[in-house]
Amino acid sequence: MLQAALADGTAHRHSIFEVFTRRLPPGRRYGVLAGTGRVLEALADFRFGEPELEWLQAEKVVDDATLGFLADYRFTGDISGYAEGEVFFPRSPVMVVEGTFAECVLLETLVLSILNFDSAVASAASRMTSAAVDRPVLEMGSRRAHEHAAVAAARAAVVAGFAGTSNLEAGRRWGLPTIGTAAHAFILLHDDEESAFASQVASQGKGTTLLVDTYDVRRGVEAAIAAAGPGLGAVRLDSGDLLSLAQEVRRTLDSLGATSTRIVVTSDLDEHAIAALAAAPVDAYGVGTSVVTGSGAPTCGMVYKLVARAGEDGVMEPVAKASASKTSSGGRKNAARRLDAEGRAEAEVIIVGRDGEVAAWSPEEQGLRALHVPLVIGGAVDTRWCGAHGVHTAQQRHGLSRAELPRGARRLSADEPAVPTETVTLV
């Protein structure tokens, strides 16, 4: 596309691309935008160096004119969109990329590969933290994901409220809280549970978490308290009927005077399993496979579509795809959320109309909260959305955004999107 557009002179037409999803995954009532900060971090380093250019030339992927363009490539346009952590709905314009066709079209795979994966993880993670209510949820899914995806998944889970991650690289890169527990292998390494527990307590202190279900749970709990005393930080259950086991373990701990020792449960948990344990005396959940795979919805189905471009006269013109079941809506969009008197979301409002008016629009109606924020201006990335600070900001945004959802929107049962999406045309 780039080579052909450079050759015919259309590559430098001013263009607007929009990221949105046509529908939510089945049964989901809202999505969670995540990965925005990672897009911005990647954009700053999105370059074609000598190795890439040499390969493109050797394989005859593009011609010399296109190689010259790529050698000097820098994104100099603007990006706006929903703040990371914001909830979204069908047709929400979560990101708008604006610049020449040539510089914008190259970003499609970069943007979509990050936003689709991270938002799928965050959307699943939000359902899990919602089901857990005030109990912390910990991300432990690195062994169930691609090595690079695992790092991104940890970040996305924390955006949606997870309290920590076992992925140390994610902790190093974005300042995430890191956690870890001993595995059954550590217990089996030793001659018995007692020596394993004594070793772990000697190394990690009494605040550590001991895995008590390698052999017999009750005996494991008794051995754990014998090793650490009633001040043991926590015990972990990783198998069996977690509801009944948690109740049994709580009784045993209390009978041994370990009334403040917490119970952490793991073992293939998802949002439904967490909800089923609501009445159990559980203090924290560790989630692995389900969160890093989107809990059955590994992508958000986001697309990157050209919605407007300059004509030969330089005037912006809306363009739209008309294919059956894959239609898009042409023209620049703005977005807001309509809130009722209690601050609960009533509708996702998409603003359309003349290009300049939509670009300059800001809500005047009381109860409308504008959703678009500037992310990149003239190629300069707003670094407030990046790094550890960006993750913290996104986590706060998600908490506030999810709290706006109407009552019942966080139920796990299948239903329609929590709020309808409506279009307002500026006249």
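Look up a bit, the structure's there.
Residues numbered from 1 in each chain as written. Predicted model: local features only at pLDDT ≥ 70, side-chain atom pairs only at ≥ 80, totals over all residues. Heavy atoms only, no water.

### Let's talk about the overall build of the protein
Short version of the rule: Think of it this way: any DSSP run of H or I at least four residues long counts as a helix, any run of E at least two long counts as a strand, and we number them from the N terminus. Contacts: residue pairs with any heavy atoms within 4.5 Å of one another.
Check the secondary structure of the protein and you find 16 helices and 19 strands. For the protein, contacts bridging at least 24 residues in sequence account for 74% of all contacts bridging at least 6.

### A word on empty space enclosed by the protein
Filter applied, for reference: Think of a 1 Å grid over just the protein atoms. A cavity is a set of points where a 1.4 Å probe fits yet cannot get out, a pocket is an open set with protein on both sides within 12 Å along at least five of seven lines, and lining residues have an atom within 4 Å of a point. Grid points are joined across faces, edges and corners, and a volume is the space filled by probe spheres set on the points. Polarity classes work like this: nonpolar for Ala, Val, Leu, Ile, Met, Phe, Trp, Tyr, Cys and Pro, charged for Asp, Glu, Lys and Arg, and polar for all others, with Gly in that last group.
Enumeration over the complete set of coordinates arrives at two cavities of 30 Å³ or more. In terms of lining, the largest cavity is formed by Leu-24, Pro-25, Arg-28, Tyr-30, Gly-31, Phe-88, Ala-120, Ser-123, Ala-297 and Cys-300. Classifying every residue of the lining of the largest cavity by side-chain character gives seven nonpolar, two polar and one charged. What the second largest cavity holds in volume is close to 40 Å³. Lining the second largest cavity are Arg-28, Arg-29, Tyr-30, Arg-127, Ala-409, Arg-410, Arg-411 and Leu-412. For the lining of the second largest cavity, the residue count by class is three nonpolar, no polar and five charged.

### Re the packing of aromatic side chains
As a reminder of what qualifies: Here the aromatic set is Phe, Tyr and Trp, taking the six-membered ring for Trp, and pairing holds for ring centres within 6.5 Å; pairs whose planes are under 30 degrees apart are stacked, those over 60 apart are edge-to-face, and all others are tilted. Exposure classes here rest on a 1.4 Å probe applied to the protein chains alone. A residue is buried below 20% of its type maximum, exposed above 50%, and partly exposed in between. Should the NZ of a Lys or the CZ of an Arg lie within 6 Å of a ring centre and within 35 degrees of the ring normal, that charge is described as sitting over the ring.
Within this structure, the stated rule accounts for six aromatic pairs. When the ring of Phe-17 is compared with that of Tyr-304, the centres are 4.8 Å apart and the planes differ by 20 degrees; the resulting orientation is stacked. Pair noted here: Phe-17 is in strand β1 (residues 14-21) and Tyr-304 is in strand β12 (residues 302-310), with a separation of 287 residues, a long-range link. Take Phe-17 and Tyr-304: they sit in the same class, and that class is buried. Measuring from ring centre to ring centre gives 5.8 Å for Phe-46 and Phe-48, while their planes differ by 75 degrees; the resulting arrangement is edge-to-face. Of the aromatic side chains, those joined through ring pairs into one cluster are Phe-46, Phe-48, Phe-69 and Tyr-73. Lying across the ring of Trp-174, Arg-155 places its NZ or CZ 5.5 Å from the centre.

### Here's the deal with the layout of surface pockets
Regions of empty space are outlined by a rolling probe, equal in size to a water molecule, passed over the atoms. In this structure, the largest pocket encloses a volume near 470 Å³. Around the largest pocket, the lining is made up of 20 residues, and of these Met-140, Arg-143, Arg-236, Asp-238 and Thr-266 lie nearest the centre. Across the lining of the largest pocket, the residue classes break down as five nonpolar, 10 polar and five charged. Lining the second largest pocket we find 14 residues, and of these Ser-80, Glu-98, Arg-332, Ala-359 and His-372 sit closest to its centre. Among the elements that make up the lining of the second largest pocket, the one with the highest residue count is strand β17 (residues 372-377) (four residues). Tallied by class, the residues present in the lining of the second largest pocket amount to seven nonpolar, three polar and four charged.

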